[in-house]
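# A closer look at the structure
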Amino acid sequence: MEKHDFNQVLQLSPFHERIDTLGLMKNWTSWNGYQTARIFDTLAAEYFTIRSSCSVMDMTPMEKYRITGPDAVTFLNRLVTRDISKLKPGRVTYVVWCNDDGRVLDDGTIFHLGEDGYRLCSQHHQLDWLMISSLGMDVSIEHETHDIAALSVQGPTAYSVLAAAGFTKLDTLKPFGILNTQLNGFDVMISRTGFTGDLGYEVWVDPRHALDLWDAIFEVKQRGLYDVRPIGLDALEMVRIEAGFIMPGDDFNTAETTIRAGRDRSPFELGLDWVVSFDKPYFTGRRALLKEKTEPIKRRLVKLLVEGNKSPTDSFLYDGKNGQRIGAIKSNVWSPILKSNLTMADIEFIKGELPKEIWAEIYYQKELEWKSTWAKCSVSDLPFWSHPRRSQTPPDQF
Amino acid sequence: MKNYDAIVIGAGHNGLTNAAFLAKAGLDVLVLEKNDYIGGATVSRELHQGWKYSNCSYVCSLFRPEIYQALDLGRHGLEVVPIQGGATFMENGDYYGNYHQPAVRRREIARHSKRDADAAIRFDADLMKWCRLIRGFLLRTPPDPTSFKWRDAMEFASLLKAFYELSESQIYEFIRFFTMSIAEYLQEYFESDVILAHFSGGSIIGTGLGVYSPGTAYVLLHHAMGDVDGNVGSWGFARGGMGSVSKAIASSFKALGGEIRAGAEVKEIKVSGRKATGVILASGEEINAKIIVSNLDAKRTFLNIMNKKDLPAEVVRRAENFKIRGSSGKLNIALDGMPDFTALEKGSPLTLGHMHFSDSLERLERAYDDWKDNKWSQDPYVDLIIPTQFDPTMSPAGKHMMSVFVQYCPYDVEGGWTDQKRNAFGDTVINQIANHSPNFKDLIRHIEVRTPREIEAEVGLTEGNIFQGELTLDQLMFNRPFPGYAQYRGPVKNMYMCSSSTHPGGGVMGAPGANSAREILRDLGKENTTPEDFGDD
Ligand SMILES: Cc1cc2nc3c(=O)[nH]c(=O)nc-3n(C[C@H](O)[C@H](O)[C@H](O)COP(=O)(O)OP(=O)(O)OC[C@H]3O[C@@H](n4cnc5c(N)ncnc54)[C@H](O)[C@@H]3O)c2cc1C
């Protein structure tokens, strides 16, 4: 059996050759064990590539599982809290799944691939839990993370760029839709999905064609038509908070990894009521969640806007200046497009109600001297930022 | 006929900002604009099909993020993308590349002078000290200096002392800085000709001064005190052109219930019993309001749309003497493709930023000499930028838009401006660019050439002065526009100013508009809707 080269700590993605050339900062991190760029060149430019033109990100490290077999849909519908029995072939949907106590294990997306079954994408490693959940069912579950290369192409000109790269029929592809197509003789799957809240697509290919796909997209820039730039994880982190997407493991502790009591979260505590369907007869965690639903909510992850310009990283939250502590900031970003501090914050509710006032105590540093200040906060029910172009079909042609 | 709570004359970005904060406080506000389009000098127009120009202002840094946030301009479509790169091309075929990566930039400065690379550290820190001071004043109404004994520089210094507890020696440093020429100032740091030239450009933009004229060091500060997302001194590009700034403010204003009428030139501010009561339009229509705010420069406000009889003689005299000399021109060019620059290799990131062709202080000074002689500079200082390299909204795919700001171009050219002379001015600039870019001329599809004459006629900036009044010490802070009138209140009751002729001056900043709204709301006893400074400390 093949042994591991222990000097090669991080695995290389099929796009590595290109990423290594364009990754001027050599600023690497591990994403699911893959060597992944945090920043290629400058963060601000990468951020604006997503919001202003066309960004490309390697999302190969995203965990992917193929689910096939007669019981595939039954299996998935028992796994996740959302009713996916009506998910049509060629469509994608956002899901979360829980343990028996109704605590969230992870979130992800399910792709209905038609005759090829389903693809489940997740943030974390889920094979063990998927196998446990499939006991007694006629279903096959394959880990296919390493067998599929994927690029996320996001931004207002994403459509124009892909069209210029030779992809036809994208004009009618609606959000959460899937298109199976070809480029220069190899198969490509394109879904209109993403983590940016913007117009965008995810493009999936056999790793053998990964570089061909990359080159076809970047050739559009070479031809002088549109600006196309690679982006790293740091820029993605900025836009996903703007778009209001949660990150399991950062915004809340996943149930499987939770050791201390009370550190895991239910979908309701994450503001994910809309993906829990009690209409379907059974799903893992249903009973616990039904019970939780009858009680006043104890806490919730909220989208919290923090006034001023001081970064509230890891700040504690209070119900008044110098008041009772009621929570903490889990992730935050200075949004260049909204000129605001946007955060995901875990907040304790009082008798099922959001505290009337929320204040952050912020510690910040100028020239190595620490100071603290108070900033007023407000909860946003809608994503901080969303743009009509995200769902406009056909998208604008630039 | 309807009576408004407030009328703002002029839909420049400051007029719109002012109007938005008044509307936010619940006032019924009407903005009247003489042109058929809004924005004043913060405007993007499609003059050649498929191409949008930033016809006047072209880059953004001074605009206060507090205003951006308070008026929710991001949701109203504004996006300011930081600019990277830039270069000063040299006559000998070399260049200074203003690389965006600090490590590369440092090596690049060192290529011209090792010592300058280190001096840049001292220079940056010193400049930041002054920036920090001045930034704290932007969203404030200048204090009334009558309680101070010293005049001008010393008054300013005592303010700084009061606000920032500066030491005696720092104050002297600051006064020196305020009264120095940029050439002298930079020579205390740098030795390389091209580095000196590159860093001095921002000090002459929009001024009737040369690199060796006292007072130009401050103008550098005026160009360095802004920021993009906290990066003080950085500049950004508004996606869709500078018109996106005024469009977003207008959209926010309308969402707050405001009303804008374009094509509505105001002829006169009506005054009765030493109180402003309304306006008379060029069409003869009269509209009344409790408050009248002028977004026009101080000269136009007091000499063109107010009756001298209604004004104290001192105000008329000060308005007549207000320094507002025009010195800048602008070319906006639609290009069939991306021009090559001989000195740069293909794919160089330097083309993404501001490009210049003046490689020595001497050349810059000669450019100024021409202006003093009522000629446009034969070897001008230009600030050239091609935003379509990253902005997909201003030209068709694969095509480009070039914005060229030109210093110097006189208002009173020898013998007076004609269309022919304007085109000859354009040719001077085009030839300078073509010297460094062989395929440039072949790529030109359409050009808009603007001298101070066009800028005055279209935007109503007197003499085409881009800042609505020069940025010299005698016209800054509590002296802007005139001593005694720096708190946005006009010489008659219920009449206010909100334009770049007031503190903190010209540039796309929004601060005059917001500061003025704060004073108006205070006088009305209304809730203050204008934001407080985020603070740098
Ligand atoms: C060529 C050029 C380049 C510049 N480049 C930059 C830059 O890159 N970055 C930067 O920050 N700043 C730049 N500036 C400066 C900046 O654009 C101005 O300082 C700023 O836009 C002025 O805004 P304002 O609202 O104070 O006044 P204005 O924009 O002058 O607005 C005044 C408005 O009043 C209207 N008006 C005039 N008379 C009447 C009347 N009688 N009735 C009704 N309406 C009337 C005008 O049409 C106009 O819309 C530039 C300016 C110019 C001219």
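Residues numbered from 1 in each chain as written. Chains lettered and ligands numbered in written order. Predicted model: local features only at pLDDT ≥ 70, side-chain atom pairs only at ≥ 80, totals over all residues. Heavy atoms only, no water.

## Here we look at the overall build of chain A
If you tally the helices and strands in chain A, you get eight helices and 19 strands. The dimensions of chain A, computed from C-alpha atoms along their principal axes, are 65 × 60 × 50 Å. Burial statistics for chain A: of 398 residues in total, 56% are counted as buried. Considering only contacts within chain A whose residues lie at least 6 apart along the sequence, 67% involve residues at least 24 apart. Surface exposure of chain A reaches about 18100 Å², of which carbon and sulfur atoms provide 50%. (Helix = DSSP H or I, 4+ residues; strand = E, 2+ residues; numbered from the N terminus. Buried < 20%, exposed > 50% of the residue type's maximum accessible area, 1.4 Å probe, protein only. Contact = heavy atoms within 4.5 Å. Areas by Shrake-Rupley, 256 points an atom, 1.4 Å probe, with all protein chains shown as cover.)

## Overview of the domain arrangement of chain B
All names here are of chain B. Splitting chain B by domain gives domain 1 (3-42 + 240-322 + 465-524) and domain 2 (116-229). The interface of domain 1 with domain 2 comprises 25 residues on the first partner and 25 residues on the second. Between domain 1 and domain 2, roughly 2000 Å² of surface is buried when both sides are summed, and carbon and sulfur atoms account for 69% of that area. Looking only at domain 1, the three residues that lose the most surface to domain 2 are Leu 473, Met 477 and Phe 478, adding up to 34% of its buried area. (Domains from an automatic or database assignment. Buried area = accessible area lost by both parts, 1.4 Å probe.)

## A word on the interface of chain B and chain A
Residue-level contacts link 26 residues of chain B with 32 residues of chain A. Interface area for chain B against chain A, summed over the two sides, is near 2400 Å², with a carbon-plus-sulfur share of 50%. Our enumeration of links across chain B and chain A arrives at one salt bridge. Between B:Asp229 and A:Lys339 there is a salt bridge, and its shortest N-O distance comes to 3.0 Å. Counting the contacts that link chain B with chain A gives 16 residue pairs in polar contact (both at pLDDT 80 or more). For the side of chain B that touches chain A, the elements supplying multiple residues, two or more each, are α2 (65-70) and β5 (80-82) of chain B. Here the residues of the side of chain B that touches chain A are counted per class, giving eleven nonpolar, nine polar and six charged. (Salt bridge = Lys/Arg side-chain N within 4 Å of Asp/Glu carboxyl O. Polar contact = N/O pair within 3.5 Å; in protein donor to acceptor, adjacent residues only side chain to side chain. Nonpolar A, V, L, I, M, F, W, Y, C, P; charged D, E, K, R; others polar.)

## Re the site of the ligand
All names here are of chain B. Glu 33, Val 59, Ser 500, Gly 507 and Val 508 are the nearest of the 36 residues found near the ligand. Here Thr 42 contributes a side-chain N or O atom positioned 2.9 Å from an oxygen atom of the ligand. Compared with its free state, where it exposes 1000 Å², the ligand has 97% of that area covered by protein. Elements that contribute at least two residues to the shell around the ligand include exactly α1 (13-24) and α16 (452-459). The residue makeup of the shell around the ligand, split by class, is 18 nonpolar, 15 polar and three charged. (Near = heavy atom within 4 Å.)

## Some remarks on the environment of A:Met137
Residue and element names in this part refer to chain A. Structurally, the position occupied by Met 137 is in the loop between α4 (127-133) and β8 (140-143). For the pair Met 137 and Asn 27, spaced 110 residues apart in sequence, the C-alpha separation works out to 44 Å. Aside from chain neighbours lying at most four places away, what touches Met 137 is Asp 71, Thr 74, Phe 75 and Arg 78.

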